[in-house]
Amino acid sequence: MQTNARRNRQAAARPDRKQAILLAAEKLFAQRGYHAVSIRQIAKEADVPLALVSYYFGQKHELFHAIFASWSGTIAERLEALAEIGRAPTGEPRLRRIVQAFVEPVLRLRASPEGEYYALLITQGLGTGQREADSVLRDFFDPMAMAFIDALHDALREQAPDVSRGTAAWCYQFALGALLHHISDTRVERLSQGANLPQDPRAASLLIDFIVHGIHGAVLPPPVSRPTTRKSP
């Protein structure tokens, strides 16, 4: 008769099971929340032995952390797009390009079948203020946020030199709120009486315009209107 240790080693030799655990945990955490999900439920969803979850990932908070580590490429994509803006010649429409770099990769992820639960996990699982969520925010998302805030600050100071970094941080948070609401919202179809569909990719440009013009209107000085000269009759 096989021992438990031997069975676990044989199960661990199947790399698809490790991915199955990640996907199952991602789905259940997104649907039910971190504290409402047990390791046993994750193992059942992944169709793996219970001990195999701990074998691969350790405790539940470590599995939660591993989900975001597996998606770190999406953060790298946003940071690379931001770096490209920094290498662009001065005079480019920097603010809009920064917002695009921040928004568009997330919208593509939300529209993909493989990214649906991860996108929902970002919106629902990281806004709780709990220790596990705070650890993920600090390790994965805070460094990216700092980079985007710095870029926003630099772009805004081109037109309003007195804008503080603190103001740029508020702009980042407000932009994040609009983005997260858009990717998690299911109510817009009812409110629009069927005219709009949730996560409609055609809304991307409107969302970007909303964020860009919102920042412009809140932070930058209004354009100076020139008095019109009246022609003599």
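Treat the numbers as computed from the prediction; the structure is a model and nothing was measured.

(A) Summary view of the overall build of the chain. A tally of regular secondary structure across the chain gives 12 helices and zero strands. Seen in sequence order, the chain has helices and strands lined up from the N terminus as α-α-α-α-α-α-α-α-α-α-α-α. Looking at the chain as a whole, 40% of its 233 residues qualify as buried. Taking as baseline every contact in the chain between residues at least 6 positions apart, the subset at least 24 positions apart corresponds to 67%.

(B) Local environment of the UniProt feature "DNA-binding region" (unreviewed entry) in the chain. Under the present numbering, the feature "DNA-binding region" (unreviewed entry) in UniProt falls on residues 38-57. Counting secondary structure, residues 38-57 comes out at 80% helix and 0% strand; the distance between its end C-alpha atoms is 14 Å.

(C) Seen up close, the pattern of salt bridges. Throughout the structure, instances matching the rule amount to eight salt bridges. The partner of R138 in a salt bridge is D134, with the nearest N and O atoms 2.7 Å apart. Of this pair, R138 and D134 both sit in helix α9 (residues 131-157), separated by four residues, roughly a single helical turn. With a relative accessible area of 55%, R138 lands in the exposed category. Of the charged contacts, one joins D154 and R157 as a salt bridge, the two residues approaching to 3.1 Å between their closest N and O atoms. Residue D154 and its partner R157 are both found in helix α9; the two are separated by three residues, about one turn of the helix. Look at R157 and you get partly exposed, because its relative accessible area is 37%.

(D) Looking closely at the nonpolar core. Within the largest apolar cluster, 71 residues are counted, with the highest numbers of intra-cluster contacts made by I21, I42, F68 and F141. With 12 residues, α9 is the largest single contributor of residues to this core. Counting residues domain by domain, this core receives three or more from each of domain 1 (16-58) and domain 2 (69-219). Those residues in contact with I21 that sit more than four places away from it in its chain are I42, A46, V48, L52, V53, Y56, F57 and L63.

(E) The arrangement of empty space enclosed by the protein in detail. One pass over the structure, following the stated rule, counts one cavity of 30 Å³ or more. Put simply, the largest cavity is a space of about 60 Å³. Taken together, I98, V99, F102, F148, L152, Y172, A175, I211 and I215 make up the full set of residues lining the largest cavity. Mapped by element, the contributors of at least two residues to the lining of the largest cavity are α7 (94-111), α9, α10 (165-184) and α12 (204-219). When residues in the lining of the largest cavity are grouped by element, the largest group, three residues, is from α7. The class makeup of the residues in the lining of the largest cavity is nine nonpolar, no polar and no charged.

(F) Region of the structure containing the side chain of D185. Positionally, D185 belongs in the loop between α10 and α11 (188-191). We note that D185 is buried and unpaired, the nearest opposite charge coming from R187 at a distance of 6.3 Å. Only 3.1 Å separates the side chain of D185 from the backbone nitrogen of V188, close enough to count as a polar contact. Discounting chain neighbours no more than four positions away, the residues touching D185 are P198 and Q199.

(G) Up close: the environment of V103. Checked against the element boundaries, V103 lands in helix α7. Here V103 falls in the buried class, since its relative accessible area comes to 0%. Considered as a pair, V103 and R78 are 25 residues apart in the sequence and their alpha carbons are 8.6 Å apart. In this structure V103 touches L179, L207, I208 and I211, once residues within four positions along its chain are discounted.

Cut-offs used in this document
- By convention here, each chain's residues receive numbers from 1 onward along its written sequence.
- A pLDDT threshold of at least 70 governs which residues receive local features in this predicted model, and a stricter bar of 80 or more applies before side-chain atom pairs are shown or counted, although totals over entire chains, interfaces and linings include all residues.
- The basis for every side-chain value is the complete set of non-hydrogen atoms in the structure, without hydrogens or water.
- Secondary structure elements are taken from DSSP: a helix is a run of H or I of four residues or more, a strand is a run of E of two residues or more, and numbering for both begins at the N terminus.
- Exposed residues in this analysis have more than 50% of their type's maximum accessible area, buried residues have under 20%, and partly exposed residues fall in between, with area computed by a 1.4 Å probe over protein chains only.
- Working rule for contacts: check all heavy atoms of both residues, and any pair within 4.5 Å makes them a contact.
- UniProt positions are given in the numbering used here, feature names are shortened, and annotations may be inferred rather than shown by experiment.
- One side-chain nitrogen of Lys or Arg within 4 Å of one carboxyl oxygen of Asp or Glu is enough to make a salt bridge.
- Definition used in this section: a nonpolar core is a set of buried Ala, Val, Leu, Ile, Met, Phe, Trp, Tyr and Cys residues joined via side-chain atoms within 4.5 Å.
- For each domain, the first and last residues come from an automatic or database assignment.
- The way it works is a 1 Å grid over only the protein atoms, where trapped points that fit a 1.4 Å probe form a cavity and open points with protein on both sides within 12 Å along at least five of seven lines form a pocket, and then any residue with an atom within 4 Å of a point lines it.
- Grid points are joined across faces, edges and corners, and a volume is the space filled by probe spheres set on the points.
- When residues are sorted by character, Ala, Val, Leu, Ile, Met, Phe, Trp, Tyr, Cys and Pro go into the nonpolar class, Asp, Glu, Lys and Arg into the charged class, and all the rest, Gly among them, into the polar class.
- The convention is simple: Lys and Arg are positive, Asp and Glu are negative, and His and the chain ends are not counted.
- Distance and chemistry together define a polar contact, namely a pair of N or O atoms within 3.5 Å, with one atom able to donate a hydrogen and the other to accept it when in protein, and with adjacent residues in sequence counting only for side-chain atoms on both sides.

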